[in-house]
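Tertiary structure, described
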Amino acid sequence: MEISEACVRVPHDKPYRYQVGDLTVTRGSAWSGPGCHDGCGVLMFTDKDGKLVRVEGDPDNPYNQGRLCCRCLALTEAVNHEDRLRYPLKRDPQFRGDASKWERITWEEAFDTIEERFKYYRDNFGAESVSFWKGTGRDIATYISRLAWSFGSPNLTSGINGIACYLPRVFGCQSTCGNFYVGDYSQQFADRYDNPAWKVPEIILIWGNNPIASNSDGLYGPWITDCMHRGSELVVIDPRLTWLASRAKYWLQIRPGTDAALAMGMANVIIKEGLYDHEFVERWCYGFDEFAERVSEWTPARVAEVCWVDEEEFVEASRAIAAADGMALQWGVAIDQTKEALPGSQAMFSIAAITGNLEKPGGMIVPPELLQYIGGWGSEFLSPEQKEKMLGLKEYPFYRSGVTNASDQLILRACETGEPYVQKAAWIQTSDLLTGTGPDPVRAEKALLLNEFNVGVDLFMTVTMNKLCDIVLPAATYPERNGIRVGDGVQHGETINKAVDGGEVKSDMEINLELGKRFNPEAWPWETVEDMYSYILEPTGLTFEQMQEEAPVYLPYEYYKYEKGLLRPDGQPGFNTPTGRVELWSTFYANLGMDPMPAYHEPAPSPYSTPDKYEDYPLIIITGCRDFNTFHSENRRQEHLRAIAPEPTLEIHPDTAAAYGVNDGEWVWVEGLYGRAKRMIKTTPAVDPRVVATTHGWSHPEAGLENNFDVDDLNINRLLDWDSVGECGVGSNYKSSLCRIYKVTDES
Amino acid sequence: MTKAFLINYDDCFGCHACEVACQMLHDLPVGQYGIKVECVGPWEYGTKKWQYDFVPVYTAQCTQCPERTSAGLLPSCVQHCEAQCLRYGDVDDLAAELDGQQKLILQVPPKPCSGAIA
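In this text the structure is predicted, and so the values were computed from the model without any measurement. (Residues numbered from 1 in each chain as written. Chains lettered and ligands numbered in written order. Predicted model: local features only at pLDDT ≥ 70, side-chain atom pairs only at ≥ 80, totals over all residues.)

Bringing the overall build of chain B into the picture now. Within chain B, the regular secondary structure consists of 4 helices and 5 strands. Reading chain B from its N terminus to its C terminus gives the helix and strand order β-α-β-β-α-α-β-α-β. Relative to a compact globule of 118 residues, whose C-alpha radius of gyration would be 13 Å, chain B shows 15 Å and is just as compact. By its C-alpha atoms, chain B is 50 × 35 × 20 Å across when sized along the principal axes. Summarising the internal contacts of chain B: among those between residues at least 6 apart in sequence, 62% fall at separations of at least 24. (Helix = DSSP H or I, 4+ residues; strand = E, 2+ residues; numbered from the N terminus. Rg over C-alpha atoms; globule rule 2.2 N^0.38 Å. Contact = placed C-beta atoms within 7 Å.)

Below you can see the structure in the form of structure tokens.
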């Protein structure tokens, strides 16, 4: 109850459900499929027949302040789509891949079969013989983790190699600083930019993301431009000229995958020129001298050579960062998607630390949280013996830092070899891993087909489910179900409110609660999902039903917690690390036998690490760039969205395109070391002539399941492989590989 | 008083929210717009100098959302604009903001008549 009294609520003129003329309006949050990580405040309009007719932004919600991106605005085209999966289906495993063989079954039959099979594998081969695959975060990941662990399997995973999305930054930052930090855009305050304690960042350092399009990790991208309107200047580190880069004070067009070198170089300039925050370093940083020595080899000249940036501009940008009173590091997924993600993110975060920007207004803040869902929910139900069997724990000491995802590629290897133990089944929920996330989908498909029994849960029939699964369950979209929205980064108490009757579809949480009760009733003591949500919301002092009316509820926040003894469990001042300081030299890594300090590892393949391969594959390719109209593998069926960027393009410099004799709108094969994919040429000077860039998650649903939605031709991850994982088991080179291109012709 | 839209085309970042908000509210088919965002650039016109703008254009199918403005709401494009680069108001008030310093366009679509949306 301590928190509830300090929580700040946002006043509403209307209840969460009200009538406007013939339409019913339901106020709520997104934060679920179809949709992204943000969880914007939405108003859902339904007609007299209960059909969803429109979605608008909620002007009362401080998060998005009435705004909304095109994906949620066009939500009706997903919710009401004729292709929606509406009933549970089963198919004889001998017909995997054949969409004509699915048969409708009841929920009872589906649950009974899954319960019987999963328990059979648990009893005879151990719960670790069943892997649990979840897609990208949002609200659902929480419940999938509880399902896996309460079943007894430690092999919960995300289908992305090296867990290379968000978690390397989170786990790395927690290991060296005691907490994860996010940029301060006033998102912790209900009155936002008007809050007197807040100050606009003087510099926002945007590193490896295009936040206005990606809206990732609890950041609503337009907060960046809101801050720019209030005086923020930008330093952008990106191989592409994003629109934000075009508005930046400094744009450093970095060679993909060399972020750690650039970060160490920046730290070196700041230290050498004495621009760091001497008092903060003296009082709160551990290992500064060793760190200073380590980065000293990264002279501006060497950075310019390795990272392909202009030396003078790099130095000026470094000075600007150090001089800023309030610097927010807006770090993105590109950091996780380099092979050695940990030392890279460590280097980057060190800049924020030595410039004294931690827990400072307009700097980096420790976000208040309701539910620490990043680490999963319900790990207490996994016995120590089962936890010890998590694939990756033996191979990667870093996984002992609290990494709760098993290693994907080691699960696949277990499927293939039966080592260190057999795999029998997979639970694949909200993950279209053969379309959007996993590298080398050919290998993933072959490996998972070796399982005796695979189950999928999704909004639509996916290529992954059609190729692999024997039972599929239809999930509710967010307007069709209740849920809670805590959010990534700074969390709030909010609810996802059911506005539409989805017929037979069930929410992911209802599915997990029902199966969880069958697997391990002690872990799922709730009668309804709403009871379960009320349990999670207890710290706010509100039940789920109360929260529906009161949301959004803001948790208490104050700056400089390390000075007040609010970061450590023992109540002492300082940071939540063994030394009580921000560890530039990590005691934690040293104890695990890892390099305690940041280091640069040349990407492989690359022009310098594999010059022979570079001769055959002479372009560097970035994958996973973001468009405004799509989120990973979602949204391709929504016709108004599809029209905005209808095909996957390959951004290529006009000079390079001319050299290859390819023109705008032409289809090319993009071929890498492990496979190839089709892309449509889009010439632009936004990329370096030596670099090409493309989006991911592509399918053509209009091509039909008999053609696997053309995914076998379109999945850019066919260029990548599962073995390119960082030494510590996290990080993977999604964003720096090599390729060559040639025209798509009848012969090719 | 004649109403107008003031667009700060230095701030528009091309998210397409205005287009889709309008299409959904007014039930416009794919390929038809009440407001359309055009991209101008990027190209480099000098060392480190980039032309890269997005410019929203109101079309013949813009109704100015009378059903919303009469209820005290902003036109849907203006409310949903993620970049907050659109303003709606009296033409004289908005014209007074054209200061020669900011990249502004004042668009004054003809007063909507019934059936402007086909």
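Across its full length, chain A carries 28 helices and 29 strands. The C-alpha atoms of chain A give 25 Å as radius of gyration, which agrees with the globular expectation for 748 residues (27 Å, within 12%). Overall, the C-alpha framework of chain A stretches about 70 × 70 × 55 Å when taken along its three principal axes. Here chain A holds 748 residues, and the buried ones make up 63% of them. (Buried ≥ 20, exposed ≤ 12 C-beta atoms within 10 Å, placed from the backbone.)

Each partner contributes to the interface: chain A provides 25 residues, whereas chain B provides 23 residues. Where the side of chain A that touches chain B is concerned, the elements lending two or more residues are β5 (52-57), α2 (70-73), α8 (222-229), α9 (243-246) and α26 (639-642) of chain A. Its residues assigned to classes, the side of chain A that touches chain B comprises 14 nonpolar, 8 polar and 3 charged. (Nonpolar A, V, L, I, M, F, W, Y, C, P; charged D, E, K, R; others polar.)

To continue, consider helix α14 (residues 311-323) of chain A. Residues lying three or four places apart along an α-helix face the same way, a consequence of the helix completing one turn every 3.6 residues. Residue and element names in this part refer to chain A. Along its 13 residues, α14 runs 19 Å from first to last C-alpha, staying within 8% of the 18 Å computed at 1.5 Å per residue. Within α14, the full set of buried residues consists of Phe-314, Ala-317, Ser-318, Ile-321 and Ala-322. Buried residues in α14, looked at end-on, bunch into an arc of 135 degrees, giving them a common side. (Expected span 1.5 Å × (residues − 1). Arc of directions from axis to C-beta.)

Core analysis: the largest hydrophobic core is formed by 267 residues, its most contacted members being Cys-70, Leu-73, Leu-205, Leu-262, Ala-267 and Ile-321 of chain A together with Ala-17 of chain B. For this core, the element with the most residues is helix α10 (residues 259-272) of chain A, which contributes 10 residues. If near-sequence neighbours (up to four positions away) are discounted, Leu-205 of chain A is found in contact with Val-235, Ile-321, Met-327, Ala-328, Leu-329 and Gln-330 of chain A. (Core = buried A, V, L, I, M, F, W, Y, C linked by C-beta atoms within 7 Å.)

Moving on to the sheet that holds strand β19 (residues 471-474) of chain A. Residue and element names in this part refer to chain A. Reading across from one edge, β7-β6-β19-β18-β17-β8-β9 is the order of the 7 strands in this open sheet, with mixed pairing throughout. Each having just a single partner strand, β7 (103-104) and β9 (156-157) make up the two edges of the open sheet. Pairing of strand β6 (residues 89-90) with β19 involves 2 bridges; the strand directions are antiparallel. Looking at β19, one finds that Leu-89 is bridged to Val-472. The strands touched by helix α4 (residues 107-125) are β8 (130-134), β17 (425-429), β18 (453-458) and β19; relative to β19, the strand with the most contacts, the crossing angle is about 130 degrees. Strands in contact with helix α5 (residues 140-151) are β8, β9 and β17; relative to β8, the strand with the most contacts, it is inclined by about 175 degrees. (Pairing = 2+ DSSP bridges. Axes fitted to C-alpha atoms, helices over the stretch in contact; angles between N-to-C directions.)

Next up on the list: the domain arrangement of chain A. Residue and element names in this part refer to chain A. Splitting chain A by domain gives domain 1 (12-79), domain 2 (89-164 + 371-554), domain 3 (181-365) and domain 4 (611-743). A C-alpha centroid distance of 35 Å is found between domain 2 and domain 3. Counting residues at the interface gives 6 residues for domain 2, matched by 11 residues for domain 3. In terms of residue class, the side of domain 2 that touches domain 3 is built from 3 nonpolar, 2 polar and 1 charged. (Domains from an automatic or database assignment.)

This part covers α5 of chain A. Residue and element names in this part refer to chain A. With 12 residues, α5 extends 17 Å between its outermost C-alpha atoms, agreeing within 8% with the 16 Å of an ideal straight helix rising 1.5 Å per residue. By the criterion of burial, α5 is predominantly enclosed, with 12 of the 12 residues buried. Listed as buried for α5 are Ile-140, Ala-141, Thr-142, Tyr-143, Ile-144, Ser-145, Arg-146, Leu-147, Ala-148, Trp-149, Ser-150 and Phe-151. Summarising the contacts, the buried residues of α5 are in contact with α4, β8, β9, β17 and α21 (508-519).

Moving on to the pairing of strand β3 (residues 49-58) of chain B. In regular strands, side chains alternate between the two faces of the sheet. Residue and element names in this part refer to chain B. Burial along β3 is one-sided: the face carrying Trp-50, Tyr-52, Phe-54, Pro-56 and Tyr-58 is buried and the face carrying Lys-49, Gln-51, Asp-53, Val-55 and Val-57 is not. Two strands pair when backbone bridges link them, and strand β2 (residues 35-46) and β3 are joined in this way by 9 bridges, in the antiparallel orientation. Bridge assignment links Val-40 to a residue of β3, and that residue is Asp-53. Hairpin connection from β2 to β3: 2 residues lie between these consecutive antiparallel strands, with Lys-48 at a positive phi of about 65 degrees.

Time to look at unusual backbone geometry. Here the residue pair Ala-551 of chain A and Pro-552 of chain A is connected by a cis peptide bond, since its omega of 0 degrees sits within 30 degrees of zero. Here Pro-552 of chain A shows up in the loop between α23 (544-550) and β22 (553-554). The linkage connecting Gly-41 of chain B with the following residue, Pro-42 of chain B, adopts the cis geometry, with an omega of 0 degrees. By the secondary structure assignment, Pro-42 of chain B is in strand β2.

All names here are of chain A. For strand β28 (residues 691-695), the tally of buried residues reaches 5 of 5 residues, placing the bulk of the element in the interior. Side chains Val-691, Ala-693 and Thr-695 project from β28 onto one buried face, and the interleaved Val-692 and Thr-694 project onto a second face that is buried too. Two elements, strand β24 (residues 619-625) and β28, share 4 bridges in a ladder whose sense is parallel. In the strand pairing of β28, Ile-621 is matched with Val-692. Across 2 bridges, strand β25 (residues 649-652) lies against β28 in antiparallel orientation. Pairing of Leu-650 across the sheet is with Thr-694, part of β28.

Moving on, we come to the packing of α10 of chain A against α14 of chain A. Residue and element names in this part refer to chain A. Closest axis-to-axis distance for the α10/α14 pair is 9 Å, and the angle between their directions is 65 degrees. The angle between the axes of α10 and α14 places the two elements in the roughly perpendicular class. Helix-helix and strand crossings are classified by hand; for α10 and α14 the assignment is right-handed. Packed against α10, whose contacting residues are Gly-265, Met-266, Val-269 and Ile-270, the element α14 presents Phe-314, Val-315, Ser-318, Arg-319, Ile-321 and Ala-322 at the interface. The residue makeup of the contact of α10 with α14, split by class, is 7 nonpolar, 2 polar and 1 charged. (Parallel < 35°, antiparallel > 145°, perpendicular 65-115°, else oblique. Left-handed = near helix turned anticlockwise from the far one by under 90°.)

So, on to the environment of Ser-186 of chain A. Residues and elements named next belong to chain A. With respect to the secondary-structure elements, Ser-186 resides in the loop between β10 (182-183) and β11 (203-207). Classification of Ser-186 by C-beta neighbours within 10 Å gives buried; the count is 25. When the C-alpha positions of Ser-186 and Val-366 are compared, they lie 12 Å apart, and in sequence the two are 180 residues distant. In this structure Ser-186 touches Arg-192, Tyr-193, Asn-195 and Trp-198, once residues within four positions along its chain are discounted.

Right, let's get into the confidence of the model for chain B. Residue and element names in this part refer to chain B. In this model, chain B carries an average pLDDT of 94, and 94% of its residues clear a pLDDT of 70 or more. Throughout residues 114-118 the model reports pLDDT below 50, and contacts reaching past four residues in sequence, or to other chains, amount to 6 contacts. Interface confidence in the predicted complex, given as ipTM, is 0.97; pTM for the same model is 0.97. (pLDDT = per-residue confidence, 0-100.)

All names here are of chain A. Pairing in this open sheet of 4 strands is parallel, and the strands run β13-β12-β11-β15 from one edge to the other. If you trace the sheet from one side to the other, it starts and ends with β13 (250-252) and β15 (327-331), each paired once. Along the sheet, successive strands turn relative to each other by an average axial angle of 15 degrees, direction set aside. Pairing of strand β12 (residues 233-237) with β13, which is carried by 3 bridges, proceeds in the parallel orientation. Residue pairing in the sheet places Val-236 in a bridge with Trp-251 of β13. Across the sheet, helix α16 (residues 341-354) lies against β11 and β15, angled at about 165 degrees from β15, the strand it touches most.

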